[in-house]
Amino acid sequence: MSDRSSELFARACACIPGGVNSPVRACHNVDSEPLFIREAHGSHIVDADGRDYVDFVLSWGPMLLGHDEPTVTRAIREAAARGTSYGAPCAAEVELAEAVIDAMPSLESTRMVNSGTEATMSALRLARGITKRNKVLKFIGCYHGHADPFLAAAGSGVATFSIPGTPGVPEAVVRDTLLAPYNDLEAVKAAFEAHGDDIAAVIVEPVAANMGLVLPKEGFLEGLRDCTRNHGALLIFDEVITGFRAAFGGAQARFGIDPDLTTFGKVIGGGLPVGAFGGKTTYMDHVAPKGEVYQAGTLSGNPLAMAAGLATLRLLKMKDYDALEAKTRAFATQMRDILASQGVPVHVPTIASMFCIFFSENPVMNFADAQACDHDLFTSFYKQMREQGIFMAPSGFETGMVSFAHCDNDFEKALDAARKVRF
Ligand code: KE4
């Protein structure tokens, strides 16, 4: 544990709950204290003691171009020189909306918000407002931000009503939240058989990245599309992570699915607070002030955030996603081989620029499988990698991220570190 980070963490714990502004950063899942970061450039971050790390967290997704990308940083500086917030529309809001719509096959209209949570919360309200139905079906282990309806834990049985996933969420709120195991179409069909006429929406991470990385089974996403269409429910793709990362056009382009609504975050802000929800105008025209479904935000469309997002998307549009996927796949394969050679059970799923390390005999297809992994082994792996200058997501239920700034030396350093890990 570095000295300056320890000192800052002690101070932070005296004035911020748990010493962090978002729980996962506290590193409780890996029995560690958080590193405090001083700066970040490209594929590297530097902690408060000046120690350098290869970064495979990338701020949980936004930094797909790498940190401190010169064009993005310049765009933010230039926007800041024109004032930081107007409370009135500006051209950059239009340009970013046009860029998101241009990239995403299903979008005709989009509304900017300030986080992924706001995006999914607003998309659910919109779906309920349009359909006049109350229930939402989500998948166990998928995370859609911390709005009450999504903080539901599985009750008994499959695809049944939920119980509050945390204190503070009223039972009344999650009474309308149905849960099913990810990749389990039969459970979804059962839910629609039982409640189909009151299900407003199904919300799904088209590639699940909050239970570790779990890929959709063949036909799963297509099945959701058919089921929702047949029962008059909306299909919401939560692309907060996969948007602009699974492909430039997101998972919807990669898998050829046409969701009714899509939510975004992370990458579209280039590291500044931006979220968005969007879809066909037939749905989005219900959003106030055009329609009657209320949604608002003081800093929505903030000019600095728009400038960062716009510069980011313009650069990403020119990037070679296939090359990045090939690099990530090669890295994940070598990582798996190295860990397997040490006699531990390991699976390293990967897609696009994402990967994760499951210490498990069996493939992971849902949250129950992810829970059954050996998380003690993950903790030991995390600590030893961090000691060697490799910054990984501090939980076996998160996903590793690679940026366009990662170079062969970064991958080699991480693989070398893995060779030195002892279980
Ligand atoms: P935010 O409100 O944190 O911007 O986005 C919520 C969200 C929505 N949907 C998906 C698929 C997400 O992954 C997230 C947030 N992701 C987590 C990391 N897996 C954020 C990290 C954190 O909570 O600090």
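This is a predicted model, so every value here is computed, not measured. (Residues numbered from 1 in each chain as written. Predicted model: local features only at pLDDT ≥ 70, side-chain atom pairs only at ≥ 80, totals over all residues. Heavy atoms only, no water.)

Caption draft 1: Molecular detail of the overall build of the chain. Secondary structure summary: the chain contains 14 helices and 16 strands in total. Against the compact-globule benchmark of 22 Å for 423 residues, the chain has a radius of gyration of 21 Å, which places it among compact chains. Counting only C-alpha atoms and orienting by the principal axes, one finds that the chain spans roughly 55 × 55 × 45 Å. Counting across all 423 residues of the chain, residues that qualify as buried make up 56%. Contacts in the chain between residues far apart in sequence, at least 24 positions, make up 71% of those at least 6 positions apart. Accessible surface computed for the chain: about 17,400 Å², of which carbon and sulfur atoms make up 52%. Counting 37 positive and 50 negative side-chain charges, the chain places the centres of these two groups 3 Å from one another. (Helix = DSSP H or I, 4+ residues; strand = E, 2+ residues; numbered from the N terminus. Rg over C-alpha atoms; globule rule 2.2 N^0.38 Å. Buried < 20%, exposed > 50% of the residue type's maximum accessible area, 1.4 Å probe, protein only. Contact = heavy atoms within 4.5 Å. Areas by Shrake-Rupley, 256 points an atom, 1.4 Å probe, with all protein chains shown as cover. Lys, Arg positive; Asp, Glu negative; His and termini not counted. Charge placed at Lys NZ, Arg CZ, Asp CG, Glu CD.)

Caption draft 2: The pairing of strand E5 (residues 135-140), seen in detail. Buried residues dominate E5, accounting for five of its six residues. The pairing of E5 with strand E9 (residues 199-204) spans three bridges and is parallel. When the bridges of E9 are listed, Leu137 appears paired with Val202. As defined by bridge partners, E5 adjoins strand E8 (residues 177-181) across five bridges and the pair is classed as parallel. (Pairing = 2+ DSSP bridges.)

Caption draft 3: Just the sheet that holds strand E14 (residues 354-355), in detail. Ordered in space as E13-E14-E16, the three strands form an open sheet in which the pairing is antiparallel. Edge positions in the open sheet fall to strand E13 (350-351) and strand E16 (400-401), since each of these has one partner strand only. Two elements, E14 and E16, share two bridges in a ladder whose sense is antiparallel. Across the sheet, the residue bridging to Met354 is Met401, located in E16.

Caption draft 4: Seen up close, the side chain of Lys138. Note that Lys138 resides in strand E5. Comment: no salt bridge for buried Lys138; closest opposite-charge side chain is Glu205, at 7.3 Å. Side-chain polar atoms of Lys138 contact the backbone oxygen of Cys142, separated by 2.9 Å. Discounting chain neighbours no more than four positions away, the residues touching Lys138 are His144, Phe150, Thr177, Leu178, Leu179, Ala180 and Ile203. (Salt bridge = Lys/Arg side-chain N within 4 Å of Asp/Glu carboxyl O. Polar contact = N/O pair within 3.5 Å; in protein donor to acceptor, adjacent residues only side chain to side chain.)

Caption draft 5: Local environment of the nonpolar core. Formed by 63 residues in total, the largest nonpolar core has its most connected members in Phe244, Leu316, Ile357 and Phe381. For this core, the elements supplying multiple residues, two or more each, are helix H2 (70-80), helix H3 (91-103), helix H10 (303-316), helix H11 (321-340), helix H13 (375-387) and helix H14 (408-420). By residue number, the principal contributor to this core is H10, which donates ten residues. Leaving out residues up to four positions away in the same chain, Phe244 has contacts with Leu64, Val100, Ala103, Met104, Gly250, Phe264, Val267, Ile268, Leu313, Leu316 and Tyr321. Of all hydrophobic cores here, the second largest spans 39 residues; its members include Ile199, Val204, Leu221 and Phe237. (Core = buried A, V, L, I, M, F, W, Y, C linked by side-chain atoms within 4.5 Å.)

Caption draft 6: Representation of empty space enclosed by the protein within the structure. Taken as a whole, this structure holds one cavity of 30 Å³ or more when the rule is applied. By volume, the largest cavity is sized at about 100 Å³. Looking at the largest cavity, the residues that line it are Phe355, Cys356, Ile357, Phe378, Phe381, Met392, Ala393, Ser395, Gly396, Glu398, Thr399 and Gly400. The class makeup of the residues in the lining of the largest cavity is seven nonpolar, four polar and one charged. (1 Å grid on protein atoms, 1.4 Å probe; cavity = no way out; pocket = protein on both sides within 12 Å on 5 of 7 lines; lining within 4 Å. Points joined across faces, edges and corners; volume = space filled by probe spheres on them. Nonpolar A, V, L, I, M, F, W, Y, C, P; charged D, E, K, R; others polar.)

Caption draft 7: Broad picture of the state of the cysteines. Considering all chains together, one arrives at zero disulfides under this definition. Looking at Cys142, it has no disulfide partner, and the nearest cysteine sulfur is the one in Cys356, 13 Å off. Counting only cysteine sulfurs, Cys373 is the nearest neighbor of Cys356, a cysteine outside any disulfide, at a range of 7.7 Å. (Disulfide = S-S within 2.5 Å.)

Caption draft 8: Local environment of the packing of helix H6 (residues 185-195) against helix H7 (residues 220-231). Where H6 contacts H7, the two axes come as close as 10 Å, and the packing angle between them is 10°. Here H6 lies roughly parallel to H7, going by the angle between them. Only Phe220, Gly223, Leu224, Cys227, Thr228 and His231 of H7 make contact with H6, whose side of the interface consists of Leu185, Val188, Lys189, Phe192 and Glu193. Along the lines of polarity and charge, the residues of the contact of H6 with H7 split into six nonpolar, three polar and two charged. (Axes fitted to C-alpha atoms, helices over the stretch in contact; angles between N-to-C directions. Parallel < 35°, antiparallel > 145°, perpendicular 65-115°, else oblique.)

Caption draft 9: Structural view of the domain arrangement of the chain. One can read the domain layout of the chain as domain 1 (3-65 + 320-420) and domain 2 (70-316). Taking only C-alpha atoms into account, the centre of domain 1 sits 25 Å from that of domain 2. The interface is formed by 30 residues belonging to domain 1 together with 30 residues belonging to domain 2. Summed over both sides, the interface between domain 1 and domain 2 buries roughly 2,300 Å², with carbon and sulfur atoms accounting for 67% of that surface. Of all residues in domain 1, Tyr321, Ile351 and Met365 give up the largest surface area on contact with domain 2, accounting jointly for 26% of the area buried on that side. At the boundary of domain 1 and domain 2, one finds one salt bridge. A salt bridge links Arg254 to Glu325; its shortest N-O distance comes to 2.6 Å. Scanning the region where domain 1 abuts domain 2 turns up ten residue pairs in polar contact (both at pLDDT 80 or more). Contributions of two or more residues to the side of domain 1 that touches domain 2 are made by H11, E13, E14 and helix H12 (367-371). (Domains from an automatic or database assignment. Buried area = accessible area lost by both parts, 1.4 Å probe.)

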